[in-house]
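Structural characterization, general
This is what each chain is made of:
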Amino acid sequence: MPHLTVRIWRGADEGEYQSFSVPMRENQTVLDVVSEVQRSQDQSLSYRFACRVGVCGSCAMMVNGKPRWTCRTHIRSLKSGVVTIAPLRNMPRIKDLVTDMSGFIDKWGKAGNVFESERDRRDAPVAVDPSSPRRKAADAAIECINCGVCHAACDVVSWNDSYLGPAALNRAWSLVNDERHSRKKETMAAAMGDGGCGNCHSQGNCMAACPIGLSPTRSIAGLKKMSLMSLLGGSDV
Amino acid sequence: MTGFRINLSYLAFMLHRCSGLALVCFLPFHFLVLGLGLEDAAALDEMLVFTQQPLVKFGEWVLVVLFSLHLLLGLRVLVMEWAPWPHQGGLRSGWVILAGLIALALGWLFLDGVIS
Ligand code: SF4
Ligand code: SF4
Ligand code: FES
(Lines give C-alpha, C1' and ligand atoms only; values in the text may rest on other atoms or scores of the structure.)
(Ligands and ions follow the chains in the order given, each with its own letter.)
Protein backbone atom coordinates (compact mmCIF):
# COMPACT_ATOMS: atom_id res chain seq x y z
CA MET A 1 0.00 0.00 0.00
CA PRO A 2 1.44 3.42 -0.89
CA HIS A 3 2.21 5.73 2.00
CA LEU A 4 1.79 9.41 2.61
CA THR A 5 4.27 11.57 4.52
CA VAL A 6 2.67 13.91 7.04
CA ARG A 7 4.61 16.57 8.90
CA ILE A 8 2.79 17.51 12.08
CA TRP A 9 3.65 20.42 14.39
CA ARG A 10 4.68 19.22 17.86
CA GLY A 11 5.06 21.49 20.86
CA ALA A 12 3.60 24.91 21.59
CA ASP A 13 4.90 28.24 20.23
CA GLU A 14 8.34 26.60 20.44
CA GLY A 15 8.44 23.26 18.73
CA GLU A 16 9.17 21.45 15.49
CA TYR A 17 7.59 19.34 12.79
CA GLN A 18 7.59 15.58 13.26
CA SER A 19 7.20 13.32 10.23
CA PHE A 20 4.92 10.30 10.13
CA SER A 21 4.19 7.81 7.41
CA VAL A 22 0.53 6.91 7.00
CA PRO A 23 -1.05 4.40 4.57
CA MET A 24 -2.79 6.13 1.69
CA ARG A 25 -6.44 5.20 1.36
CA GLU A 26 -9.09 5.60 -1.28
CA ASN A 27 -11.09 8.08 0.77
CA GLN A 28 -9.22 9.95 3.43
CA THR A 29 -9.50 13.40 4.93
CA VAL A 30 -6.74 15.34 6.67
CA LEU A 31 -8.59 14.75 9.95
CA ASP A 32 -8.59 10.98 9.26
CA VAL A 33 -4.83 11.12 8.85
CA VAL A 34 -4.32 13.04 12.10
CA SER A 35 -6.60 10.56 13.92
CA GLU A 36 -4.72 7.62 12.43
CA VAL A 37 -1.39 9.00 13.62
CA GLN A 38 -2.82 9.60 17.09
CA ARG A 39 -4.37 6.14 17.35
CA SER A 40 -1.68 3.99 15.83
CA GLN A 41 1.60 5.89 16.15
CA ASP A 42 1.66 8.47 18.91
CA GLN A 43 -1.12 8.72 21.46
CA SER A 44 0.30 11.91 22.93
CA LEU A 45 -0.65 13.90 19.81
CA SER A 46 -3.22 16.59 20.69
CA TYR A 47 -5.80 17.97 18.29
CA ARG A 48 -9.45 19.06 18.30
CA PHE A 49 -12.48 17.83 16.45
CA ALA A 50 -16.10 17.01 17.19
CA CYS A 51 -18.58 16.46 14.36
CA ARG A 52 -16.28 15.22 11.54
CA VAL A 53 -18.77 16.50 8.97
CA GLY A 54 -18.26 20.25 8.71
CA VAL A 55 -20.83 21.38 11.25
CA CYS A 56 -18.94 22.33 14.41
CA GLY A 57 -15.87 24.11 13.02
CA SER A 58 -13.53 22.78 15.72
CA CYS A 59 -11.11 20.90 13.46
CA ALA A 60 -9.61 23.93 11.71
CA MET A 61 -5.83 23.77 11.15
CA MET A 62 -3.24 25.04 8.70
CA VAL A 63 -2.92 22.44 5.93
CA ASN A 64 0.01 23.04 3.57
CA GLY A 65 -0.03 26.68 4.64
CA LYS A 66 -3.77 27.23 4.24
CA PRO A 67 -6.32 27.45 7.04
CA ARG A 68 -8.97 24.78 6.45
CA TRP A 69 -11.49 22.48 8.08
CA THR A 70 -9.51 19.25 8.18
CA CYS A 71 -12.62 17.07 8.21
CA ARG A 72 -13.71 18.57 4.89
CA THR A 73 -10.33 18.48 3.20
CA HIS A 74 -9.63 15.33 1.22
CA ILE A 75 -6.01 14.26 0.99
CA ARG A 76 -6.65 13.57 -2.68
CA SER A 77 -7.63 17.19 -3.32
CA LEU A 78 -4.28 18.43 -1.98
CA LYS A 79 -2.46 16.71 -4.85
CA SER A 80 0.68 16.41 -2.79
CA GLY A 81 2.63 13.43 -1.44
CA VAL A 82 3.70 15.42 1.63
CA VAL A 83 1.14 17.10 3.83
CA THR A 84 2.17 19.68 6.41
CA ILE A 85 -0.26 20.25 9.27
CA ALA A 86 0.11 23.07 11.79
CA PRO A 87 -2.15 24.75 14.34
CA LEU A 88 -4.28 27.70 13.18
CA ARG A 89 -2.36 30.90 12.54
CA ASN A 90 -2.83 34.11 14.55
CA MET A 91 -3.59 32.27 17.78
CA PRO A 92 -1.30 31.22 20.64
CA ARG A 93 -0.44 27.53 20.53
CA ILE A 94 -1.20 25.31 23.50
CA LYS A 95 0.08 21.93 22.39
CA ASP A 96 0.61 20.30 19.00
CA LEU A 97 -2.42 21.19 16.85
CA VAL A 98 -4.44 22.80 19.64
CA THR A 99 -4.60 26.60 19.84
CA ASP A 100 -5.84 28.92 22.54
CA MET A 101 -8.93 30.47 20.96
CA SER A 102 -9.87 32.65 23.94
CA GLY A 103 -8.39 35.82 22.39
CA PHE A 104 -10.39 35.16 19.23
CA ILE A 105 -13.59 34.65 21.23
CA ASP A 106 -12.90 37.74 23.37
CA LYS A 107 -12.78 39.78 20.18
CA TRP A 108 -16.33 38.68 19.41
CA GLY A 109 -17.37 40.37 22.65
CA LYS A 110 -15.26 43.44 21.95
CA ALA A 111 -17.03 43.89 18.62
CA GLY A 112 -20.30 44.42 20.51
CA ASN A 113 -21.64 41.00 19.61
CA VAL A 114 -24.14 40.46 22.37
CA PHE A 115 -27.70 40.20 21.17
CA GLU A 116 -30.21 42.09 23.26
CA SER A 117 -33.91 42.50 22.88
CA GLU A 118 -36.26 44.92 24.57
CA ARG A 119 -39.05 42.40 24.38
CA ASP A 120 -39.73 39.47 26.63
CA ARG A 121 -41.75 36.31 26.18
CA ARG A 122 -45.07 38.10 26.78
CA ASP A 123 -44.57 40.38 23.78
CA ALA A 124 -45.48 39.37 20.28
CA PRO A 125 -42.45 38.42 18.15
CA VAL A 126 -41.10 41.09 15.80
CA ALA A 127 -42.39 40.62 12.28
CA VAL A 128 -39.28 40.30 10.11
CA ASP A 129 -39.71 40.67 6.38
CA PRO A 130 -37.33 38.13 4.82
CA SER A 131 -37.12 40.12 1.61
CA SER A 132 -36.11 43.45 3.19
CA PRO A 133 -32.56 44.61 2.31
CA ARG A 134 -31.60 44.67 5.99
CA ARG A 135 -32.65 41.08 6.54
CA LYS A 136 -30.93 39.94 3.37
CA ALA A 137 -27.69 41.57 4.57
CA ALA A 138 -28.00 39.84 7.95
CA ASP A 139 -28.83 36.50 6.31
CA ALA A 140 -25.77 36.65 4.07
CA ALA A 141 -23.53 36.82 7.13
CA ILE A 142 -25.40 34.74 9.66
CA GLU A 143 -24.26 31.19 8.94
CA CYS A 144 -20.83 31.71 10.55
CA ILE A 145 -19.92 28.88 12.93
CA ASN A 146 -17.02 30.67 14.58
CA CYS A 147 -14.32 28.30 13.33
CA GLY A 148 -11.53 30.88 13.14
CA VAL A 149 -10.41 29.99 9.60
CA CYS A 150 -10.90 33.55 8.31
CA HIS A 151 -9.17 34.97 11.40
CA ALA A 152 -6.17 32.76 10.61
CA ALA A 153 -6.17 33.89 6.97
CA CYS A 154 -6.15 37.63 7.68
CA ASP A 155 -2.80 39.41 7.52
CA VAL A 156 -4.16 42.49 9.27
CA VAL A 157 -4.93 40.28 12.30
CA SER A 158 -1.30 39.16 12.35
CA TRP A 159 0.02 42.71 11.93
CA ASN A 160 -2.24 44.42 14.44
CA ASP A 161 -3.00 42.75 17.78
CA SER A 162 -5.98 44.96 18.47
CA TYR A 163 -7.76 44.28 15.15
CA LEU A 164 -11.03 42.49 15.88
CA GLY A 165 -10.79 40.43 12.72
CA PRO A 166 -13.16 39.24 9.98
CA ALA A 167 -15.27 36.81 12.01
CA ALA A 168 -16.10 39.22 14.85
CA LEU A 169 -16.89 42.06 12.43
CA ASN A 170 -18.97 39.79 10.20
CA ARG A 171 -21.06 38.93 13.23
CA ALA A 172 -21.39 42.61 14.15
CA TRP A 173 -22.70 43.25 10.64
CA SER A 174 -25.44 40.64 11.04
CA LEU A 175 -26.41 42.18 14.40
CA VAL A 176 -26.63 45.80 13.24
CA ASN A 177 -28.94 44.57 10.48
CA ASP A 178 -31.12 42.58 12.87
CA GLU A 179 -34.38 44.39 13.58
CA ARG A 180 -34.77 42.58 16.89
CA HIS A 181 -31.43 43.72 18.29
CA SER A 182 -31.99 46.68 20.58
CA ARG A 183 -28.37 47.79 21.06
CA LYS A 184 -27.45 48.44 17.44
CA LYS A 185 -25.79 51.77 18.29
CA GLU A 186 -23.49 50.15 20.84
CA THR A 187 -22.63 47.31 18.45
CA MET A 188 -21.91 49.82 15.70
CA ALA A 189 -19.75 51.94 18.02
CA ALA A 190 -17.67 48.88 18.94
CA ALA A 191 -17.39 47.69 15.35
CA MET A 192 -16.19 51.07 14.08
CA GLY A 193 -13.99 51.93 17.07
CA ASP A 194 -10.32 51.11 17.68
CA GLY A 195 -9.46 47.79 16.12
CA GLY A 196 -12.71 47.90 14.17
CA CYS A 197 -13.75 47.87 10.52
CA GLY A 198 -11.50 50.80 9.52
CA ASN A 199 -8.45 48.52 9.85
CA CYS A 200 -9.50 46.14 7.08
CA HIS A 201 -7.60 46.55 3.81
CA SER A 202 -10.10 44.55 1.75
CA GLN A 203 -7.47 41.93 1.01
CA GLY A 204 -10.18 39.31 0.71
CA ASN A 205 -8.13 36.48 2.25
CA CYS A 206 -10.92 35.86 4.74
CA MET A 207 -13.57 35.29 2.10
CA ALA A 208 -11.25 33.20 -0.04
CA ALA A 209 -10.66 30.93 2.98
CA CYS A 210 -14.13 30.69 4.58
CA PRO A 211 -15.21 27.07 4.12
CA ILE A 212 -18.87 27.98 3.80
CA GLY A 213 -18.32 30.80 1.35
CA LEU A 214 -19.26 33.67 3.62
CA SER A 215 -17.86 37.06 2.79
CA PRO A 216 -16.55 38.94 5.82
CA THR A 217 -14.98 41.42 3.38
CA ARG A 218 -18.44 42.36 2.17
CA SER A 219 -19.77 42.63 5.72
CA ILE A 220 -16.86 44.85 6.73
CA ALA A 221 -17.37 47.01 3.64
CA GLY A 222 -20.98 47.38 4.80
CA LEU A 223 -19.82 48.41 8.27
CA LYS A 224 -17.40 50.97 6.80
CA LYS A 225 -20.15 52.52 4.75
CA MET A 226 -22.52 52.54 7.69
CA SER A 227 -19.92 54.10 9.98
CA LEU A 228 -19.29 56.91 7.51
CA MET A 229 -23.02 57.46 7.06
CA SER A 230 -23.48 57.63 10.81
CA LEU A 231 -20.69 60.20 11.06
CA LEU A 232 -22.44 62.23 8.39
CA GLY A 233 -25.67 61.83 10.33
CA GLY A 234 -27.45 59.86 7.65
CA SER A 235 -27.63 56.39 9.16
CA ASP A 236 -30.67 54.78 10.70
CA VAL A 237 -28.60 52.46 12.95
CA MET B 1 2.82 34.83 -0.71
CA THR B 2 1.73 31.56 0.84
CA GLY B 3 -1.35 29.51 -0.09
CA PHE B 4 -4.25 31.61 1.11
CA ARG B 5 -2.75 34.86 -0.12
CA ILE B 6 -2.84 33.82 -3.77
CA ASN B 7 -5.86 35.92 -4.44
CA LEU B 8 -6.12 38.89 -6.81
CA SER B 9 -7.53 41.09 -4.10
CA TYR B 10 -4.40 40.53 -2.02
CA LEU B 11 -2.23 41.32 -5.02
CA ALA B 12 -4.24 44.53 -5.49
CA PHE B 13 -3.63 45.46 -1.87
CA MET B 14 0.13 44.91 -2.25
CA LEU B 15 0.36 46.84 -5.53
CA HIS B 16 -1.71 49.68 -4.09
CA ARG B 17 0.48 49.84 -0.97
CA CYS B 18 3.81 49.65 -2.82
CA SER B 19 2.84 52.11 -5.55
CA GLY B 20 1.61 54.48 -2.83
CA LEU B 21 4.92 54.26 -0.98
CA ALA B 22 6.89 54.80 -4.18
CA LEU B 23 4.81 57.88 -4.97
CA VAL B 24 5.34 59.26 -1.47
CA CYS B 25 9.09 58.96 -2.03
CA PHE B 26 8.84 60.65 -5.42
CA LEU B 27 6.53 63.58 -4.67
CA PRO B 28 9.00 65.69 -2.63
CA PHE B 29 11.39 65.67 -5.65
CA HIS B 30 8.54 66.55 -7.94
CA PHE B 31 7.66 69.60 -5.86
CA LEU B 32 11.31 70.52 -5.55
CA VAL B 33 11.59 70.67 -9.34
CA LEU B 34 8.37 72.65 -9.63
CA GLY B 35 9.70 75.05 -6.99
CA LEU B 36 12.92 75.43 -8.99
CA GLY B 37 10.87 76.43 -12.01
CA LEU B 38 9.17 79.19 -10.04
CA GLU B 39 12.40 80.58 -8.63
CA ASP B 40 14.88 80.13 -11.39
CA ALA B 41 14.01 79.35 -15.00
CA ALA B 42 17.60 78.41 -15.93
CA ALA B 43 17.82 75.77 -13.18
CA LEU B 44 14.54 74.31 -14.38
CA ASP B 45 15.82 74.15 -17.95
CA GLU B 46 18.90 72.32 -16.72
CA MET B 47 16.67 69.91 -14.87
CA LEU B 48 14.51 69.38 -17.95
CA VAL B 49 17.59 68.49 -19.99
CA PHE B 50 18.52 66.04 -17.25
CA THR B 51 15.10 64.39 -17.54
CA GLN B 52 15.76 63.59 -21.19
CA GLN B 53 18.34 60.96 -20.23
CA PRO B 54 17.16 57.42 -20.98
CA LEU B 55 17.39 56.21 -17.38
CA VAL B 56 15.41 59.19 -16.13
CA LYS B 57 12.86 58.67 -18.91
CA PHE B 58 12.53 55.07 -17.80
CA GLY B 59 12.03 56.26 -14.21
CA GLU B 60 9.29 58.61 -15.39
CA TRP B 61 7.63 55.77 -17.24
CA VAL B 62 7.65 53.70 -14.04
CA LEU B 63 6.07 56.63 -12.21
CA VAL B 64 3.33 57.08 -14.79
CA VAL B 65 2.46 53.38 -14.55
CA LEU B 66 2.58 53.37 -10.74
CA PHE B 67 0.50 56.52 -10.51
CA SER B 68 -2.17 55.15 -12.85
CA LEU B 69 -2.17 51.84 -11.01
CA HIS B 70 -2.50 53.55 -7.65
CA LEU B 71 -5.38 55.69 -8.87
CA LEU B 72 -7.26 52.80 -10.46
CA LEU B 73 -6.80 50.43 -7.53
CA GLY B 74 -7.93 53.21 -5.19
CA LEU B 75 -11.08 53.60 -7.29
CA ARG B 76 -11.68 49.87 -7.00
CA VAL B 77 -11.53 50.06 -3.20
CA LEU B 78 -13.93 53.03 -3.23
CA VAL B 79 -16.39 51.10 -5.39
CA MET B 80 -16.08 48.00 -3.20
CA GLU B 81 -16.77 50.01 -0.07
CA TRP B 82 -19.51 52.25 -1.45
CA ALA B 83 -21.40 50.44 -4.17
CA PRO B 84 -23.66 47.50 -3.34
CA TRP B 85 -22.06 44.10 -3.83
CA PRO B 86 -23.68 42.19 -6.68
CA HIS B 87 -23.12 38.87 -4.86
CA GLN B 88 -21.09 37.31 -2.04
CA GLY B 89 -17.91 37.11 -4.09
CA GLY B 90 -17.97 40.70 -5.34
CA LEU B 91 -14.31 41.46 -4.81
CA ARG B 92 -14.10 42.88 -8.33
CA SER B 93 -11.01 40.75 -8.87
CA GLY B 94 -11.18 41.20 -12.64
CA TRP B 95 -10.75 44.92 -12.09
CA VAL B 96 -7.27 44.28 -10.74
CA ILE B 97 -6.19 42.83 -14.08
CA LEU B 98 -8.02 45.62 -15.91
CA ALA B 99 -6.27 48.25 -13.76
CA GLY B 100 -2.90 46.69 -14.59
CA LEU B 101 -3.67 46.71 -18.31
CA ILE B 102 -4.92 50.32 -18.31
CA ALA B 103 -1.86 51.44 -16.34
CA LEU B 104 0.41 49.74 -18.88
CA ALA B 105 -1.54 51.30 -21.74
CA LEU B 106 -1.11 54.75 -20.20
CA GLY B 107 2.58 54.01 -19.78
CA TRP B 108 2.75 53.12 -23.47
CA LEU B 109 0.99 56.37 -24.41
CA PHE B 110 3.52 58.26 -22.29
CA LEU B 111 6.44 56.58 -24.04
CA ASP B 112 4.80 57.33 -27.35
CA GLY B 113 5.04 60.99 -26.50
CA VAL B 114 1.31 61.57 -26.49
CA ILE B 115 1.25 62.66 -22.89
CA SER B 116 4.90 63.26 -22.14
S1 SF4 C 1 -16.79 33.56 8.59
FE2 SF4 C 1 -16.41 31.51 7.81
S3 SF4 C 1 -14.24 31.15 8.22
FE4 SF4 C 1 -14.85 32.88 9.48
S5 SF4 C 1 -15.35 31.98 11.46
FE6 SF4 C 1 -17.24 32.15 10.28
S7 SF4 C 1 -17.47 30.17 9.26
FE8 SF4 C 1 -15.36 30.31 9.97
S1 SF4 D 1 -10.78 41.53 3.84
FE2 SF4 D 1 -10.25 42.55 5.74
S3 SF4 D 1 -10.79 41.11 7.32
FE4 SF4 D 1 -10.73 39.97 5.39
S5 SF4 D 1 -8.66 39.13 5.34
FE6 SF4 D 1 -8.69 41.07 4.33
S7 SF4 D 1 -8.02 42.58 5.79
FE8 SF4 D 1 -8.67 40.73 6.87
S1 FES E 1 -14.89 18.28 13.03
FE2 FES E 1 -16.64 19.58 13.00
S3 FES E 1 -16.21 20.86 11.29
FE4 FES E 1 -14.55 19.46 11.24
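Residues numbered from 1 in each chain as written. Chains lettered and ligands numbered in written order. Predicted model: local features only at pLDDT ≥ 70, side-chain atom pairs only at ≥ 80, totals over all residues. Heavy atoms only, no water.

**Considering the environment of Glu16(A)**
All names here are of chain A. By the secondary structure assignment, Glu16 is in strand E2 (residues 15-23). Measuring from C-alpha to C-alpha, the distance between Glu16 and Asp96 comes to 9.3 Å, with 80 residues separating the pair along the chain. In this view, Glu16 contacts Ile8, Trp9 and Arg10; residues no more than four positions away in its chain are not counted. (Helix = DSSP H or I, 4+ residues; strand = E, 2+ residues; numbered from the N terminus. Contact = heavy atoms within 4.5 Å.)

**Quick look at a negative patch on the surface**
Side chains of Glu39(B), Asp40(B), Asp45(B) and Glu46(B) sit close together on the surface and give a patch of like negative charge. Mapped onto the fold, Glu46(B) is located in helix H2 (residues 41-50). (Patch = residues over 30% accessible without salt bridge, like charges linked within 9 Å, V, L, I, M, F, W, Y side chains within 5 Å. Areas by Shrake-Rupley, 256 points an atom, 1.4 Å probe, with all protein chains shown as cover. Salt bridge = Lys/Arg side-chain N within 4 Å of Asp/Glu carboxyl O. Lys, Arg positive; Asp, Glu negative; His and termini not counted. Charge placed at Lys NZ, Arg CZ, Asp CG, Glu CD.)

**Concerning the sheet that holds strand E5 (residues 82-86) of chain A**
Residues and elements named next belong to chain A. An order of E2-E1-E5-E3-E4 is seen for the five strands of this open sheet, with the pairing classed as mixed. The two strands at the open ends of the sheet, each matched to only one other strand, are E2 and strand E4 (66-69). Across the sheet, the mean angle from the axis of one strand to that of its neighbour is 35°, orientation sign disregarded. Sheet strands touched by helix H1 (residues 30-40): strand E1 (3-11), E2, strand E3 (60-63) and E5. Its angle to E2, the strand with the most contacts, is close to 95°. (Pairing = 2+ DSSP bridges. Axes fitted to C-alpha atoms, helices over the stretch in contact; angles between N-to-C directions.)

**Concerning the packing of aromatic side chains**
Each aromatic ring pair is specified by the distance between its two centres and by the angle formed by the two planes. Residue and element names in this part refer to chain A. Taken as a whole and judged by the stated rule, the model has six aromatic pairs over all chains. Between Trp9 and Tyr17, the ring centres sit 5.1 Å apart and the planes meet at 80°, which makes this aromatic pair edge-to-face. Using a relative accessible area of 33% as the deciding quantity, one classes Tyr17 as partly exposed. Measuring from centroid to centroid gives 6.4 Å for Phe104 and Trp108, while their planes differ by 75°, and the two rings are edge-to-face. Here the residue Phe104 and the residue Trp108 both occupy positions in helix H3 (residues 102-110), the gap between them amounting to four residues, near one helical turn. With a relative accessible area of 3%, Phe104 lands in the buried category. (Phe/Tyr/Trp six-rings, centres within 6.5 Å; stacked < 30°, edge-to-face > 60°. Buried < 20%, exposed > 50% of the residue type's maximum accessible area, 1.4 Å probe, protein only.)

**So, the site of ligand 2**
Residue and element names in this part refer to chain A. Not every one of the 13 residues close to ligand 2 is listed here, only the nearest: Cys154, Tyr163, Cys200, Gly204 and Cys206. When contributions to the shell around ligand 2 are tallied by element, the ones reaching two or more residues are helix H9 (205-209) and helix H10 (216-231). Its residues placed into classes, the shell around ligand 2 shows seven nonpolar, six polar and no charged. (Near = heavy atom within 4 Å. Nonpolar A, V, L, I, M, F, W, Y, C, P; charged D, E, K, R; others polar.)

**Section: the pairing of E5(A)**
Regular strands show a simple pattern: their side chains alternate between the two faces of the sheet. All names here are of chain A. Taken across its five residues, E5 has four buried, putting it largely inside the fold. Pairing geometry for E1 and E5, over four bridges, is parallel. Bridging from a neighbouring strand, Ile8 pairs with Ile85 of E5. Here E3 pairs with E5 via two bridges, running antiparallel. Bridging across to E5, Met62 finds its partner in Ala86.

**Some words on the domain arrangement of chain A**
All names here are of chain A. When its domains are assigned, chain A resolves into domain 1 (3-99) and domain 2 (102-231). Once you take the C-alpha centre of each, domain 1 and domain 2 turn out to be 29 Å apart. Each side of the interface is counted separately: domain 1 has 12 residues, and domain 2 has 15 residues. Of the roughly 1000 Å² buried where domain 1 meets domain 2, counting both sides, 64% is carbon and sulfur surface. The interface formed by domain 1 and domain 2 contains five residue pairs in polar contact (both at pLDDT 80 or more). Going through the elements one at a time, E3 and E4 are the ones with two or more residues in the side of domain 1 that touches domain 2. (Domains from an automatic or database assignment. Buried area = accessible area lost by both parts, 1.4 Å probe. Polar contact = N/O pair within 3.5 Å; in protein donor to acceptor, adjacent residues only side chain to side chain.)

**So, the side chain of Ser19(B)**
All names here are of chain B. By the secondary structure assignment, Ser19 is in helix H1 (residues 8-39). You can call Ser19 buried: its relative accessible area is 1%. At 2.7 Å, the side chain of Ser19 forms a polar contact with the backbone oxygen of Leu15. When neighbours within four sequence positions are excluded, Ser19 is seen to be in contact with Leu66 and His70.

**Some thoughts on the environment of Tyr47(A)**
All names here are of chain A. As for its placement among the helices and strands, Tyr47 is situated in the loop between H1 and E3. Note: C-alpha distance between Tyr47 and Cys59 (12 residues apart in sequence) is 7.7 Å. Here Tyr47 is in contact with Leu31, Val34, Ser35, Gln38, Met61, Leu97 and Val98, once residues within four sequence places are set aside. Here the side chain of Tyr47 touches Ser35 through a polar contact of 3.0 Å, side chain to side chain.

**Brief notes about a nonpolar patch on the surface**
Judged by side-chain polarity, Leu228(A), Met229(A), Leu231(A), Leu232(A), Phe67(B), Leu71(B), Leu75(B), Leu78(B) and Trp82(B) come together as a nonpolar surface patch covering roughly 910 Å² of accessible area. Put simply, the parts of the chain that give the nonpolar patch at least two residues each are H10 of chain A together with helix H3 (54-82) of chain B. Among the elements that line the nonpolar patch, the one with the most residues is H3(B), at five residues. Structurally, Trp82(B) can be placed in helix H3. Residue classification places Trp82(B) among the partly exposed positions, given a relative accessible area of 35%.

**Structural notes on the site of ligand 1**
All residues adjacent to ligand 1 are Cys144(A), Ile145(A), Asn146(A), Cys147(A), Gly148(A), Val149(A), Cys150(A), Ala167(A), Cys210(A), Pro211(A), Ile212(A) and Leu214(A). In terms of residue class, the shell around ligand 1 is made up of 10 nonpolar, two polar and no charged.

**Considering the interface of chain A and chain B**
Between chain A and chain B, the contact holds 27 residues from the first and 18 residues from the second. Taking both sides of the interface into account, the surface hidden between chain A and chain B amounts to around 1900 Å²; carbon and sulfur atoms contribute 59%. In terms of surface lost to chain B, no three residues of chain A exceed Gln203(A), Arg218(A) and Lys225(A), which account for 26% of the buried area on that side. Summed over the shared surface of chain A and chain B, the number is one salt bridge. Ionic pairing is found between Glu81(B) and Lys224(A), a salt bridge with its closest N-O pair at 2.5 Å. Broken down by secondary-structure element, the contributors of at least two residues to the side of chain A that touches chain B are E4, helix H5 (149-153), helix H6 (155-159), H9 and H10 of chain A. Take the side of chain A that touches chain B: its biggest share by element is seven residues, from H10(A). Partitioning the side of chain A that touches chain B into residue classes produces 12 nonpolar, nine polar and six charged.

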